[in-house]
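In case you want the letters, here they are:
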Amino acid sequence: MMLLTLLLTITAQAANPSPEALLIASDRARGAASSLSGLSWTSEVNSVENGDALKVIYAVKVLGNDALASVMDPPRQKGEVVLFNDRTLWFFKPGLKKPVNISPRQKLIGQAANGDIASTQYARDYVATAAGDDTLNGQKTWKLMLKAKAKNVTYDQIRYWVSKSNQVAVKAEFLTLSGETFKVAEFKYGNDLSVKGKKVPFVSEMRIHDANNPKNVTTLTYKSPHEEAHSKGLFNVNSLMK
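Since we're looking at a predicted model, the values are computed, not measured.

What counts, and where the lines are drawn
Here the residue numbers are simple positions, counted from 1 along each chain's written sequence. A pLDDT threshold of at least 70 governs which residues receive local features in this predicted model, and a stricter bar of 80 or more applies before side-chain atom pairs are shown or counted, although totals over entire chains, interfaces and linings include all residues. Think of the side-chain values as coming from all heavy atoms in the structure, minus any hydrogens and water. Burial status follows relative accessibility: with a 1.4 Å probe on protein chains alone, a residue under 20% of its type maximum counts as buried, one over 50% as exposed, and anything between as partly exposed. Strands are runs of DSSP state E lasting at least 2 residues, helices are runs of H or I lasting at least 4, and numbering of each runs from the N terminus. Strand pairing is defined by DSSP finding a minimum of two bridges between the two strands. For every residue, the pLDDT score states the predictor's confidence, bounded by 0 at the bottom and 100 at the top. Whether two residues are in contact is decided by their heavy atoms, any of which lying within 4.5 Å being enough.

### Some details on the pairing of strand S4 (residues 81–85)
- By the criterion of burial, S4 is predominantly enclosed, with four of the five residues buried.
- In this sheet, S4 lies alongside strand S3 (residues 66–73) in antiparallel orientation, the contact comprising five bridges. Bridging from a neighbouring strand, Ala69 pairs with Val82 of S4.
- Of the pairings in the sheet, the one linking S4 to strand S5 (residues 88–92) comprises five bridges and is antiparallel in character.

### Description of the environment of Leu54
- With respect to the helices, strands and loops of the structure, Leu54 is situated in strand S2 (residues 52–63).
- Classification of Leu54 by relative accessible area gives partly exposed; the value is 37%.
- As a C-alpha pair, Leu54 and Lys149 span 95 residues in sequence and 33 Å in three-dimensional space.

### Examining the confidence of the model for the protein
- Summing up the model confidence of the protein, the mean pLDDT is 90 and the portion of residues at 70 or higher is 93%.
- Within the model, pLDDT remains below 50 along residues 2–14, and this stretch shows zero contacts once partners closer than five positions in the same chain are excluded.

### As for the side chain of Thr219
- Mapped onto the secondary structure, Thr219 falls in strand S17 (residues 217–227).
- Thr219 gets classed as buried once you look at its relative accessible area, which sits at 16%.
- Apart from residues no more than four positions distant in its own chain, Thr219 is found in contact with Glu44, Val45, Asn46, Glu205, Met206 and Arg207.

Written out as structure tokens, the structure is:
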């Protein structure tokens, strides 16, 4: 009996990836492909907040732990950029003497925080523990609890669902330190990306709504993701002023 229990335990462990492995896999589908020479995509952010609508389009470039999000539209905001140097974020726009250090938690647009536009390094920023299995809209998932490793990350805690079929994130609930849900995100994967000759799913939409007022919604739509070589100098904070 003990041998049978041991064998069943080993089999279950082999069938279930570790929480860390699930984070790495789900990060990859949201832009954290560290094995590539760089990634680029366009992110259209549409927000409805208390009845007011707003749209901003960003060009996003990623290399490892660094990212650069530059406003393409509307014209009045062109030249605004958010630079990610690992966990340090900088904001710059024409008229500023120098870049300003900002928090990933500050509001970007509507329900989206600064860190939502390009910071997908959950495997780097959070400690994950298994929280059981769940089914969302007929899809079997693993549920994880994520706790921040540092204070300078976008959220303190995240309840996170990862698909069992392709190991991509399905849903996230963003929690306060006391464990209350204040925002909810759902993901779609209508894009794909070629990684070492193999096509892998890539996020096409992240929809974030206020947990207390679901009518306040921000949707990030990801377009034309592709591998593109970027130089390290592109992500140097001093280059923003040139």
